[in-house]
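Structural characterization, general
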Amino acid sequence: MVAMLNAEATGSPRAAAPVRRPAPVRLIGTALLIALPACSDETLAPVYPTRQLEAGNSTIIIDTKPSLRLQRDGETLLTFDEHSFQLGVVDTLSDETNYDPYRLYVPHVAYQPPDDLAWLSPSAAQFAAENDGTAVLTLQLDYRAGQSATLTVSVEDDGRFALLLSPSGGRTAFIRLRPRGSSSEGFYGLGEHFDDVNQRGKVRAMQLETDSSLESLYNEAHVPIPLLIGTSGWGWFVESPYPGVFSVAVDDDRLIEAAFGTGVASEQGLPFHLFAEDHPLDVTRHYYDVTGYPKLPARWALGPWIWRDENDDQAQVESDLDTIRDLDLATTGYWIDRPYATAVNTFDFVADQFPDPTAMFDKLHNLGFHTALWHTPYLDEDHSATAALRTEAETQGYYPPVTGLPLNGWGLPVDLTNPDAVDWWQQQLSGYIDLGVAGFKLDYGEDIVPGLSNTRLRWRFADGSDERTMHSQFQRYYHRTYAELLPDSGAFLLCRAATYGDQQNGIIIWPGDLDANFAAHGEQIEEEGKTYTAVGGLPASIIAGLSLGPSGFPFYGADTGGYRHSPPDKETFWRWFEQTALSTVMQVGTSSNDVAWEPTPENGFDQPMLDSYRVYARLHLRLFPYLWSYSTRLLSDGRPIQRALGLAHPELGVHPNDTYLLGDELLVAPVVGRGLTSRTVMFPSGSWFHWFTGEAFEGPGEHEVAAPLGRLPLFIRAGGLVPLLRPTIDSLAPTTEPDRVDSYDDQPGVLYVRAVAGTSGAFELFDGGRLEQQTQNDVSTLGSSSGSELNGGAIFELLAAAPPTGLTMADTPLTEHDDLDALEGATSGWLHDGQTTLWVKLPAGDATAVITF
């Protein structure tokens, strides 16, 4: 017997006839089809009116229990039940109170949760209207006690839904969402973190909070992003600038909670988005569709960069430039950190230290360097040199109308929500731009915090906003002020802090002041009779970069060598530059002004280390066509460039903090412990070949890999093709001394391509070029099609233990050459080194060669 029950839009669930057991239910349009057994003596569970919205292969199913399920191809990814849409209500809302949800999860003596706080779940729900075919559903939620809310669900695009929970009743201080995911999946995102790439078991604040357990005395939440990604293929983005917290499978291995202290603004609602994709790497694309795609930095911004924490003077800067070129150290940029100006910020150079800035910048540019300056949004209140600027700022209203507690050593931030203040600040900066400054390292700007106790630290800005939202949003105004001065084609903005949407300003994140050692985040360290709890060193840096990529910030560059407790010793510095060479941005500098060519008794640097640094700095620069191709691709596919192994290959079921993919073709497994000369590496499925030795490893599975100092465990995938610049490249920046500086800007030159012989794959380059290797039996066909820039031919650099038995192009045998210089100078040909490598040169344009092994 089959009964048809109408799925009504309003009202209570209908009573069902007695049956022996719950019957299967499936939604057909706006009706429920229930198959009832012929005999029954038990009662069927209530049937709730149900609706669904479809977005491609993704579906949201919602009923009046209320519950909501996010599905992809019929598989449930996230479930919201009747306790998932909670309101934290108080008897009387106060505009003076700092409603900090983080302290509800992590108590602090200075903050007492409201005594009258009560969490309400909806007791009843009904649809606002029949589903009329539009891609919007509205559910009215009744919380009793005079409180109610509206949940609106709409389709944004395939795999993407927008939701808004809007309370009413005037007593909501907090809004909390509590979905359930899988007990076995990993969780990624939530911005920059130093302790773990997998957020399972973590409580993450969406704002800076005090933390006396760390040496920095705060939680290091410089880039908190309310985007969580499950490795089963879903994303959850809470689009709120208010103080927030995520608790991810802490007490319950499936329960995820996000609470936001919306306070008196609660009735504006809490907007959030649900995403579904076949692979978790593709979830970030939906986040970009909501918040904006990244503006790419300049090509040369990927580095390598060199800097000192304190430059002695102009002579030292110019000496560094000559030394870098004389030692043949591939470098594209050199920035000048503070102090260089008379004061923070006088927009000048100290005359005694930098007597001729124009000549200094001319030398930078002549030798193929771009340059940047350290900067902040303050005027030093204790220095007479800023007196005139401060007077102007005060009289013109360029400071915030209401100010709280500045968390810096100089003074109040300029109110960059005020268009007049922005214009004025940019006018001051224009002198640097005219000199040739091409970027800025933007420090601080994190003074605006919601509060350190129950009482607000009041700020108000020219646009009417206050600290409750500007604790995160100030960064967008700060960074945009500088970004607008720099070329649309790309620049260099290295920023410590950021918020969602800030990727549109083209910023690169650096993690602030990490320890110059191998310390893990939170590790107790004893040094020179002192004990401290580390922010973290090299291990923390790697985790930070891998956390930021899926969180919407694909470009990351840590201080190679660390900052706190500098100098790094030789082993720390060496292992650190091995890793940053295989990252999106390589920048090298420490708080003790260490550079690779200056050994001291404290750092222990030596010639072998310098020689190795030369290799890795050049490798990073040579990887430009590979990295830039992925950079341009992310503008359409949204995939991070550096990809934690557990996110890229969730089928492995592991989430190591020290192993990652750089693009699709390279697996990187840095050594992050002192004294180690080997490490265990988890390999994904397939064959992987050591970049430096050619040794083969089969996945999936773990292998022990030798890793002496100077040999990074780096592997290329069988079938992968990695485009490289020529081995002599020095810079991407223009130069007036081509005999001294080999620059891409002068000549892109021949393209090198690293691959494994006898495999199959293809690679699309950023300039429209294409590389290919197709293998059947013992015959491989190599193909290259020149793009708009890299059009000087291609040299395939194949891992091949034996030379070929035949190598032809258009049925004509290719010429064997004696050395690589001769091959590069020829139109075509080949060379085998008698050990591990076969080079094959193809001419410009469209060309193919056939190899027989």
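Everything discussed here concerns the structure shown above.
In what follows, the accompanying structure is described. (Residues numbered from 1 in each chain as written. Predicted model: local features only at pLDDT ≥ 70, side-chain atom pairs only at ≥ 80, totals over all residues. Heavy atoms only, no water.)

Here's the deal with the nonpolar core
What tends to happen in soluble globular proteins is that the nonpolar side chains get buried as a cluster. This is how it is decided: In these notes, a set of buried Ala, Val, Leu, Ile, Met, Phe, Trp, Tyr and Cys residues joined through side-chain atoms within 4.5 Å is what counts as a nonpolar core. Whether a residue is buried, partly exposed or exposed follows from its accessible area with a 1.4 Å probe, protein chains only, as a fraction of its type maximum: under 20%, in between, or over 50%, in that order. Whether two residues are in contact is decided by their heavy atoms, any of which lying within 4.5 Å being enough.
By size, the foremost hydrophobic cluster in this structure holds 190 residues, and its most contacted members are Tyr432, Phe440, Leu582, Leu666, Phe796 and Val840. Not counting the four nearest positions on each side in its chain, Phe796 is found in contact with Leu721, Val753, Leu771, Glu772, Leu782, Gly783, Ser784, Leu838, Trp839, Val840 and Leu842. In this structure, Leu78, Leu120, Phe127 and Phe161 belong to the second largest nonpolar core, which totals 44 residues.

Side note on the pattern of salt bridges
Note the cut-off: For this analysis, a salt bridge means a side-chain nitrogen from Lys or Arg found within 4 Å of a carboxyl oxygen belonging to Asp or Glu. For the purposes of this entry, the term helix denotes a DSSP run of H or I that reaches at least four residues, the term strand denotes a run of E that reaches at least two, and both are numbered from the N terminus.
Per the stated rule, a full pass over the model turns up 46 salt bridges. Across the salt bridge formed by Glu789 and Arg299, the nearest N and O atoms sit 2.6 Å from each other. Taken together, the residues Glu789 in the loop between strand S44 (779-785) and strand S45 (794-799) and Arg299 in the loop between helix H2 (283-291) and strand S24 (305-308) connect sequence positions 490 residues apart. Residue Glu789 is classed as partly exposed on the basis of its relative accessible area, which comes to 24%. Each of the salt bridges in this network shares a partner with another, and the network as a whole consists of Asp95, Glu96, Arg456, Arg458, Asp466, Glu467 and Arg468.

Brief notes about a negative patch on the surface
The test is simple: Each patch groups residues whose relative accessible area exceeds 30% and which form no salt bridge, using 9 Å between like charges and 5 Å between nonpolar side chains of Val, Leu, Ile, Met, Phe, Trp and Tyr. Computed with a 1.4 Å probe, the accessible areas rest on the Shrake-Rupley method; for each residue, only the protein chains presented here act as cover. His is not counted, nor are the chain ends, whereas Lys and Arg count as positive and Asp and Glu as negative. Every charge is mapped to an atom, namely NZ of Lys, CZ of Arg, CG of Asp or CD of Glu.
A grouping of Glu816, Asp818, Asp819 and Asp821 is seen on the molecular surface, where their side chains present a negatively charged patch. Looking at the secondary structure, you find Asp821 in helix H13 (residues 820-825).

Some remarks on helix H3 (residues 314-326)
Residues spaced three or four apart along an α-helix face the same direction, because each turn holds 3.6 residues. Worth spelling out the cut-off: Expected helix span is computed as 1.5 Å times (number of residues minus one). Whenever a nitrogen or oxygen atom comes within 3.5 Å of another N or O atom, the pair is scored as a polar contact, on the condition that within protein one atom can donate a hydrogen and the other can accept it, and that pairs from neighbouring residues in sequence are kept only if both atoms are in side chains.
Helix length check: H3, at 13 residues, gives a terminal C-alpha distance of 18 Å against a target of 18 Å (1.5 Å per residue), a fit within 8%. Burial of H3 is extensive: 10 of the 13 residues sit out of reach of the surface. When we look at burial in H3, the residues that qualify are Gln314, Gln316, Val317, Glu318, Asp320, Leu321, Asp322, Thr323, Ile324 and Arg325. Buried-residue contacts for H3 involve S24, strand S25 (333-336) and helix H4 (357-366). Residue Asp313 occupies the N-cap position of H3, its side-chain oxygen lying 3.2 Å from the main-chain nitrogen of Ala315.

Section: the packing of helix H8 (residues 538-548) against helix H9 (residues 570-580)
Condition: Inter-axis angles, ranging from 0 to 180 degrees, are taken between N-to-C directions of lines fitted to C-alpha atoms, where helices are fitted over the stretch in contact. Roughly parallel covers angles under 35 degrees, roughly antiparallel covers those over 145, roughly perpendicular covers 65 to 115, and oblique covers all other angles. For a crossing to be left-handed, the near helix must be turned anticlockwise from the far one by less than a right angle; the clockwise case is right-handed.
Contact pair H8 / H9: the axes reach a minimum separation of 11 Å and the direction vectors enclose 10 degrees. Classified by the angle between their axes, H8 and H9 sit roughly parallel to one another. The hand of the H8/H9 crossing is right-handed. Contact residues: H8 offers Leu538, Ser541 and Ile542, while H9 offers Arg575, Trp576 and Gln579.

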